[in-house]
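The primary structure of each chain is shown beneath.
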Amino acid sequence: MSIFHRYNSTIHGNYRRAYLRCGLLIGVLLSLYIVGRLVAGSPAESPISYLTDAILLVLVVLLTAYYRNSLPDKKITLKEAMLFGMGTSLIAAVFYALAILATGLTSAEQTVLFTATLSGQTITQQDPQLHYWAALWAIVTFVDVALLGSFGSFLAAIFFRNEKSEIKHKQQ
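Q: What is the right way to read the packing of aromatic side chains from this model?
A: Two aromatic rings, taken as a pair, are described by how far apart their centres are and by the angle between their planes. Within this structure, the stated rule accounts for three aromatic pairs. Aromatic pair Trp133 and Trp137: ring centres 5.8 Å apart, planes at 25°, arrangement stacked. Of this pair, Trp133 and Trp137 are both found in helix 5 (residues 130–160), four residues apart, which corresponds to roughly one turn of the helix. The exposure class of Trp133 is buried, given its relative accessible area of 15%. Taken together, a centroid distance of 5.0 Å and an interplanar angle of 75° make the contact between Phe159 and Phe160 edge-to-face.

Below, the structure written as structure tokens:
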């Protein structure tokens, strides 16, 4: 267990408040894409696409840089950047998954299109189990956004860290 206690890192800011705000921002932007396409009359074929993945990764990296620049002395450790990025990704994933669930429950057309695209199965808009499909796509979306966002936060943390943690030495 001594491996896990070898470093003494300093948290310079309130990363919890920051990741709640930033995660909500990313979740809203991803949700607006899906809802905007539905309202425009050309529903998205999948809640997971290259465009939503790119939006997620770019925003996680940019918001990590913004968080670092908002800190006193603009110093951030790898640990703090990772905590911020992973928290942001998880909040964005929860919000986006809830938006996908709400969209799927209110728009049978959207759920049918997601099911046809993602699973290859053909269902109708009168399917009595349509709400289960909407829940499945919300879960799939949550997992995808959480994992991809966490990967992006790892890359951002490596790239933006500018302070190394102090190594504790054993006293004999």
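Having seen the model, we can carry on.
Q: Whenever I open this one, unusual backbone geometry confuses me. Can you help?
A: Across residues other than glycine, the phi torsion is negative in most instances, and most of the peptide bonds are trans. Its identity as a non-glycine residue notwithstanding, Asp73 has a phi of 60°, on the positive side. Within the secondary structure layout, Asp73 lies in the loop between helix 2 (50–70) and helix 3 (78–106). You will see that Lys74, though not glycine, has its phi angle at about 55°, which is positive. With respect to the helices, strands and loops of the structure, Lys74 is situated in the loop between helix 2 and helix 3. With relative accessibility at 45%, the residue Lys74 sits in the partly exposed group.

Q: Would you mind showing me how to read helix 1 (residues 15–40) here?
A: Each α-helix turn comprises 3.6 residues. Residues three or four places apart therefore point the same way. End to end, helix 1 covers 37 Å across 26 residues, agreeing with the expected 38 Å (1.5 Å per residue, within 8%). Of all the residues in helix 1, the buried ones are Tyr15, Ala18, Tyr19, Cys22, Gly23, Ile26, Gly27, Leu30, Ser31, Tyr33 and Ile34. Tucked inside the fold, the buried residues of helix 1 contact helix 2 and helix 3. One or two residues past the end of helix 1 sits Gly41, with phi positive at roughly 100°.

Q: I keep staring at a nonpolar patch on the surface and nothing clicks. Help me out?
A: Where nonpolar side chains cluster on the molecular surface, the patch consists of Leu90, Val94, Leu98, Ile139, Phe142, Val143 and Leu147 and spans about 620 Å² of accessible area. Only helix 3 and helix 5 provide two or more residues apiece to the nonpolar patch. Of note, Val143 is situated in helix 5. A residue is classified by how much of its surface remains accessible, and Val143, at 40% relative accessible area, is partly exposed.

Q: Quick question: what am I supposed to make of the nonpolar core here?
A: Generally speaking, nonpolar side chains in soluble globular proteins are found buried as a group. The biggest cluster of nonpolar side chains holds 34 residues, and the ones touching the most others in it are Ile26, Ile34, Tyr67, Phe84, Tyr96 and Ile100. Those elements that provide at least two residues to this core are helix 1, helix 2, helix 3, helix 4 (108–118) and helix 5.

Q: Looking at this structure, I do not really get the packing of helix 4 against helix 5. What am I missing?
A: For any two helices packed against each other, one specifies the crossing angle of their axes together with the interaxial distance. Close contact between helix 4 and helix 5 brings their axes to 10 Å; oriented N to C, the two are set at 65°. The two elements helix 4 and helix 5 cross, and the hand of that crossing is left-handed. Side by side, helix 4 and helix 5 meet where Ala108, Thr111, Val112, Phe114, Thr115 and Leu118 of the first sit next to Leu130, Trp133, Ala134 and Trp137 of the second. Residues of the contact of helix 4 with helix 5, tallied by class, amount to eight nonpolar, two polar and no charged.

Q: Looking at this structure, I do not really get the side chain of Ser89. What am I missing?
A: Its place among the elements puts Ser89 in helix 3. Here the side chain of Ser89 touches Gly85 through a polar contact of 2.9 Å, landing on its backbone oxygen.

Definitions and cut-offs
Residues numbered from 1 in each chain as written. Predicted model: local features only at pLDDT ≥ 70, side-chain atom pairs only at ≥ 80, totals over all residues. Heavy atoms only, no water. Phe/Tyr/Trp six-rings, centres within 6.5 Å; stacked < 30°, edge-to-face > 60°. Helix = DSSP H or I, 4+ residues; strand = E, 2+ residues; numbered from the N terminus. Buried < 20%, exposed > 50% of the residue type's maximum accessible area, 1.4 Å probe, protein only. Expected span 1.5 Å × (residues − 1). Contact = heavy atoms within 4.5 Å. Patch = residues over 30% accessible without salt bridge, like charges linked within 9 Å, V, L, I, M, F, W, Y side chains within 5 Å. Areas by Shrake-Rupley, 256 points an atom, 1.4 Å probe, with all protein chains shown as cover. Salt bridge = Lys/Arg side-chain N within 4 Å of Asp/Glu carboxyl O. Core = buried A, V, L, I, M, F, W, Y, C linked by side-chain atoms within 4.5 Å. Axes fitted to C-alpha atoms, helices over the stretch in contact; angles between N-to-C directions. Left-handed = near helix turned anticlockwise from the far one by under 90°. Nonpolar A, V, L, I, M, F, W, Y, C, P; charged D, E, K, R; others polar. Polar contact = N/O pair within 3.5 Å; in protein donor to acceptor, adjacent residues only side chain to side chain.

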